[in-house]
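# Descriptive structure summary
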Amino acid sequence: QVQFVESWGGLVQAGGSLRLSCSASGSTFNVNTMAWYRQAPGKQRELVASIDSTSYTNYEDSVKGRFTISRDNDQNTMYLQMNSLKPEDTAVYYCNRFSYNWRRYGNWGQGTQVTVSS
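These notes cover the structure that comes with them. Quantities reported herein were computed from a predicted structural model and do not represent experimental measurements. (Residues numbered from 1 in each chain as written. Predicted model: local features only at pLDDT ≥ 70, side-chain atom pairs only at ≥ 80, totals over all residues. Heavy atoms only, no water.)

## As for the sheet that holds strand 7 (residues 67–72)
Using the following cut-off: Should DSSP find at least two bridges between two strands, the strands are taken to pair. Secondary structure elements are defined from DSSP: runs of H or I of at least 4 residues count as helices, runs of E of at least 2 residues count as strands, and each element is numbered from the N terminus. Axes here mean lines fitted to C-alpha atoms, for a helix over just the part in contact, with angles spanning 0 to 180 degrees between N-to-C directions.
Strand order in the open sheet formed by four strands is 1-3-8-7, with antiparallel pairing between adjacent strands. The open sheet has two free edges, formed respectively by strand 1 (3–7) and strand 7, since each of these has just one partner strand. Averaged over all neighbouring strand pairs, the angle between strand axes comes to 15°, with direction disregarded. In terms of strand pairing, strand 7 meets strand 8 (residues 77–82) through six bridges, oriented antiparallel. What sits directly across from Phe67, in strand 8, is Met82.

## Some details on the sheet that holds strand 6 (residues 57–59)
Pairing is mixed across the open sheet formed by six strands, whose spatial order is 2-10-9-4-5-6. Only two strands of the sheet have a single partner each, and these edge strands are strand 2 (10–13) and strand 6. Neighbour-to-neighbour, the strand axes of this sheet turn through a mean angle of 25°, independent of strand direction. As paired strands, strand 2 and strand 10 (residues 112–117) are joined by four bridges and run parallel to one another. Within strand 10, the position partnered with Gly10 by the bridge is Val114.

## Some thoughts on the state of the cysteines
Applicable threshold: Any two cysteine sulfur atoms lying within 2.5 Å of each other are counted as a disulfide. Partly exposed residues are those whose accessible area sits between 20% and 50% of the maximum for their type, while under 20% is buried and over 50% is exposed, using a 1.4 Å probe and protein chains only.
Summed over the entire model, instances satisfying the criterion amount to one disulfide. Paired through a disulfide, Cys22 and Cys95 show a sulfur-sulfur distance of 1.9 Å. A torsion of 75° about the S-S bond marks the disulfide between Cys22 and Cys95 as right-handed. Highlighted residues: Cys22 in strand 3 (residues 18–25) and Cys95 in strand 9 (residues 91–97), separated in sequence by 73 residues. Classification of Cys95 by relative accessible area gives buried; the value is 0%.

Set out below in structure tokens:
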């Protein structure tokens with residue numbers, strides 16, 4: 001089973017930036033579409049951004065132009081550069097593979113907390 005470790009979240013003021021990292025063990029990244037997800041208090045987990053094996057990316061509308069997803073397949077590491085952060089970005093951020101049935105995934109890491117103050 002793949003183990004995901006998210007890191008480098010934190011507390012920032014609105015307008016600030018964070019760069020999240022995701023490392024995976026038990027598998028490699030290169031053949032999979034990967035994604036960042038987040039879950040805010042009282043809300044369902046949502047897809048934030050995805051990146052496929054050719055580095056083609058997609059973003060949820062609310063983060064377009066502010067977030068950048070990238071990957072380093074040789075290091076089995078994925079990143080999420082978050083700029084111009086807003087309080088509504090506050091959530092626990094998770095990394096995982098992406099597929100159409102991601103909402104039924106049973107394997108999630110601990111996530112990393114991102115808190116954006118006003």
